[in-house]
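# Structural features, examined
Below, each chain spelled out in residue letters.
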Amino acid sequence: MDIYLDANATTPVLAQARTAAIQAMVDDYGNPSSIHSTGLKAKALIDGVRALARRLLGAGDGQLLFTSGATEGIQTAVLSSLGALRERRERGEPVGSLLLYGATEHKAVPEALKHWNRLLGLGLQVQAIPVGTDGQHDLAWLAGHAADAGLVCTMAANNETGVISDLDGIAATLQAAGSRAFWMVDGVQALGKLPLRLAERRIDYAPFSGHKLYAPKGIGLLYVRPGAPFTPLLAGGGQEGSLRSGTENMSGIAALGAVLAALEDGRTFRSGAQLQRFRDRLAEALLAAFPGLVFNAPLAGSLPTTLNFSVPGLPSRLLLDLFDAADVRVSGGSACSAAQAAPSFVLQAMGLPDWQTASAVRLSFGPAADEAFIAEAVARIAACGLALRRSCLAGPSEDPLASDGVLQLSAGGASSWLLVDGERRQAWVLDPQPEFNERVARLLRCHSLQLHAVLDTRAPLLAATARADLLQACDAANLAQLAADADAQGWPGRSDAVYTLAPPASALQLSRLQLPADATHPDGPRAAQPVWLLQREGAPALAFVGGAAEHPALAQLLPAGTVLCSEATGPAALRRITAASEPAAQPAISPATLAAFVRSQPGLRLVDVREPYEQLLSDMPALHGAELQALPLSRLADPAQGAPAWLAEPGRPLLFFCRSGGRSLQAAQTLRRLGHPAAWTLEGGLAMWQAQGEPVFMPAI
């Protein structure tokens, strides 16, 4: 069962809303502009929903028109305001020089301001109202700028943090400044959660979206205060009293009406006090599961349905994959920008540290949540915490997963490599990157590993700085000796040029080679560069070459078939000293044809490339006798069980899978680039596999 905790992005459709929408399509399908009985029935439905919305929103005599959602409402409000400002200017009246919006507003608002400001030729300055670390608008700043503003745009509650705006304080500030500015309040996240009392405030416009409160997508509302200027965004047949042309979305309006009716009757949705208790339970579970977790907004001033948090050392993408593996759906911020994987602009505007903005996760639930739902969410959050502890990513673990071999850590166009000799409890780090220092330190502590050397393939000054930063992050008794004995690239100052990483029975040897200076490099001459060669009997050698991957002497220095581990991010870092062909077009197998594909490939091995913390939370059964192997993408370079080992079996068919298909595609393409042609990916990953109705099990950890 999915535990859906991304209600601020969208919600499932309420059962009553589905029934109402279907009834409108099947029975009440009339055009409300028609004057026959079927049309009049449809018109009555619209009027009833509008009256219901008027009561719930405290709209008084204001206009309420049905829209496709908040984005259309925002566009209409901005167009209406700016059109009125242009008319004022043409009459010679002052209009101010500023268009103001809250720095944490949804992107739809500043983009609409810029768009209509340009099209209407106003040339006003679009400026953000600063917010504090608590997410609240800086009312002192607003007081100093309000008199020169033509339009002020704020939110009732923020979609990422849940911070509730001080609307009364904003209203008082505008009044005290004598501002003639129009005021738009984005009410999307407030619907069903906060009393807006629209008619009691000087709010001119307030847009809403139905899909944030259990109605379908494509239906919304726009409130317009009596006397506020209005310019239709859509002109045509004159529907909605000529305020918004286009035949009304009858099924959407009917569904929204059912949700509003449920809100009014008080039996379907939880009270504010109940929602507060639910949020407190979730907050306690998060704090227990993730040591060091911080909430990015004060809970006391936020919606009782929203939690925004960060965990030190854990990027938001890692946490999203973790929760998704447990079938818990959360978000890294606004759903509209989540795919960009950028730091949260909302948290940046609040002045929070970079690590918080880059690792933020939003957890949000709707007012229809019940006790059983929250209890299951709490249990799965606990399981996620345990999975991270066993993977040595969060706090101490009494039962960590085994750690041995080669681990690749990638981010921002560069890779670090961790070599672990589990039997000797020793570790080597190659090309350390600052963003991984805390993670490496945790792994060393969790597995009681001694850091044996910190090696580098980069320029001596950069290498020395990176090594010093990592040594400072780690807490081990031998660090002073490591720092003192190493040369510029971290190699100990002694005569031997070979490390033996394991006992002779399974010997892994790490040797240092030297590339000559390269005067022909396109980026300028390069000095002599070190290369580290890792060898295990019976497997291709691994060469850690950093920026020397294009060196003309590399092929002559290394044995044929050596797998290069370079600076590139992800599996692209793996290349081969052979004339390997480039990967073919996406070698994808769709979930619908998976069973037939498995039957057609004798000896097929299914390879789960998700990380260990994901694999602990869910699993996929072998199909039709196919062998199942768990090999995280970060272990693809491991000579014992990863790509180097598979190169000895070029005919062995391999089908990679992950959560959504991205990492498994990288793995399949990497294997093909290395010379293993029988490699495929499960298109869409486990997400699409589940969509086909296939089970993914939740093991007890």
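Here we summarise the structure given alongside this text. (Residues numbered from 1 in each chain as written. Predicted model: local features only at pLDDT ≥ 70, side-chain atom pairs only at ≥ 80, totals over all residues. Heavy atoms only, no water.)

## What to know about helix α12 (residues 371-390)
- A rise of 1.5 Å per residue sets the reference length of α12, with its 20 residues, at 28 Å; its end C-alpha atoms lie 29 Å apart and thus fit the reference within 8%.
- Inspection of α12 places Phe373, Ile374, Ala377, Arg380, Ile381, Ala383, Cys384, Gly385, Ala387, Leu388 and Arg390 among the buried residues, and these make up the whole buried set.
- Residues of α12 that are buried make contact with β1 (3-4), α8 (272-289), α9 (316-325), β11 (328-329), β12 (361-364) and α18 (612-615).
- Phi turns positive one or two residues past the end of α12, at cysteine 392, with a value near 65 degrees. (Helix = DSSP H or I, 4+ residues; strand = E, 2+ residues; numbered from the N terminus. Expected span 1.5 Å × (residues − 1). Buried < 20%, exposed > 50% of the residue type's maximum accessible area, 1.4 Å probe, protein only. Contact = heavy atoms within 4.5 Å.)

## Describing the side chain of glutamine 189
- Mapped onto the elements of the fold, glutamine 189 is located in the loop between β6 (182-186) and β7 (205-209).
- When its relative accessible area of 4% is taken as the criterion, glutamine 189 is described as buried.
- Looking at glutamine 189, its side chain comes within polar contact range of the side chain of lysine 193, at 3.3 Å.
- In this view, glutamine 189 contacts Asn8, Ala157, Asn158, Asn159, Lys212 and Leu303; residues no more than four positions away in its chain are not counted. (Polar contact = N/O pair within 3.5 Å; in protein donor to acceptor, adjacent residues only side chain to side chain.)

## Concerning the sheet that holds strand β22 (residues 574-576)
- With mixed pairing, the 6 strands of this open sheet are ordered in space as β17-β18-β19-β20-β21-β22. On the outer flanks of this sheet lie β17 (498-500) and β22, each paired with one strand and no other. The mean inter-strand angle of the sheet, taken between neighbouring strand axes irrespective of direction, is 25 degrees.
- The sheet contact formed by strand β20 (residues 542-546) and strand β21 (residues 563-566) spans 4 bridges and is parallel. Looking at β21, one finds that phenylalanine 544 is bridged to cysteine 565. (Pairing = 2+ DSSP bridges. Axes fitted to C-alpha atoms, helices over the stretch in contact; angles between N-to-C directions.)

## Let's talk about the state of the cysteines
- All told, the structure shown has 1 disulfide when counted by the stated rule.
- Shown here is the disulfide that connects cysteine 392 with cysteine 446, its sulfur atoms set 2.1 Å apart. The sign of the -60 degrees torsion about the S-S bond sets the cysteine 392-cysteine 446 disulfide as left-handed. One end of the pair, cysteine 392, is in the loop between α12 and β13 (405-411); the other, cysteine 446, is in helix α13 (residues 437-446), and 54 residues separate them in sequence. Grouping residues by exposure puts cysteine 392 and cysteine 446 together as buried. (Disulfide = S-S within 2.5 Å.)

## Here's the deal with the pairing of strand β15 (residues 426-430)
- Here β15 lies mainly inside the structure; 5 of its 5 residues are buried.
- Side-chain alternation along β15 places Gln426, Trp428 and Leu430 on one buried face and Ala427 and Val429 on a second face that is also buried.
- With 5 bridges joining them, strand β14 (residues 414-421) and β15 adopt antiparallel strand pairing. Bridging across to β15, aspartate 421 finds its partner in glutamine 426.

## Overview of the packing of aromatic side chains
- Per the stated rule, a full pass over the model turns up 5 aromatic pairs.
- Taken together, a centroid distance of 6.0 Å and an interplanar angle of 65 degrees make the contact between phenylalanine 290 and phenylalanine 323 edge-to-face. With phenylalanine 290 in the loop between α8 and β9 (294-295) and phenylalanine 323 in helix α9, this residue pair connects regions lying 33 residues apart in the sequence.
- Using a relative accessible area of 0% as the deciding quantity, one classes phenylalanine 323 as buried.
- Considering the side-chain rings of tryptophan 646 and phenylalanine 656, the 5.6 Å spacing of their centres and the 65 degrees angle between planes classify their relative orientation as edge-to-face. Here tryptophan 646 is found in helix α19 (residues 643-646), whereas its partner phenylalanine 656 is found in strand β26 (residues 654-657), with 10 residues between them in sequence. (Phe/Tyr/Trp six-rings, centres within 6.5 Å; stacked < 30°, edge-to-face > 60°.)

## Structural notes on the pattern of salt bridges
- Throughout the structure, instances matching the rule amount to 31 salt bridges.
- Residues glutamate 627 and arginine 605 are paired through a salt bridge, measuring 3.4 Å at the closest nitrogen-oxygen approach. Placement of the pair is glutamate 627 in strand β25 (residues 627-630) and arginine 605 in strand β24 (residues 605-608), with a sequence separation of 22 residues.
- Residue classification places arginine 605 among the buried positions, given a relative accessible area of 10%. (Salt bridge = Lys/Arg side-chain N within 4 Å of Asp/Glu carboxyl O.)

## Observations concerning the sheet that holds β26
- On the basis of which strands lie adjacent, the open sheet formed by 5 strands has the order β23-β27-β26-β24-β25 and parallel pairing. In this open sheet, the two edge strands, each paired with only one partner strand, are β23 (588-589) and β25.
- Relative to strand β27 (residues 679-682), β26 runs parallel, the two being bridged by 3 bridges. For leucine 654, the partnering residue across the bridge sits in β27 and is alanine 679.
- Where helix α20 (residues 662-673) meets the sheet, it contacts β26 and β27, and its direction lies at approximately 170 degrees from that of β27.

## Brief notes about unusual backbone geometry
- Of note in this structure, aspartate 327 is not a glycine but carries a positive phi near 60 degrees.
- You will see that aspartate 431, though not glycine, has its phi angle at about 50 degrees, which is positive.
- One can find aspartate 431 in the loop between β15 and α13.
- The exposure class assigned to aspartate 431 is buried, which follows from its relative accessible area of 4%.

## So, the pairing of β14
- Among the 8 residues that make up β14, 8 are buried, leaving the element largely enclosed by the rest of the structure.
- Residues Ala414, Ser416, Leu418 and Val420 of β14 are buried on one face, and the alternating residues Ser415, Trp417, Leu419 and Asp421, pointing to the opposite face, are buried as well.
- Direction of pairing for β13 relative to β14: antiparallel, over a ladder of 7 bridges. For leucine 407, the partnering residue across the bridge sits in β14 and is leucine 418.
- What sits between the antiparallel neighbours β13 and β14 is a turn of 2 residues, in which glycine 412 has the positive phi angle 60 degrees.
- Between β14 and β15, which pair antiparallel one after the other, the connecting turn spans 4 residues, and arginine 425 there sits at a positive phi close to 55 degrees.

Keep in mind these values describe shape, not function.
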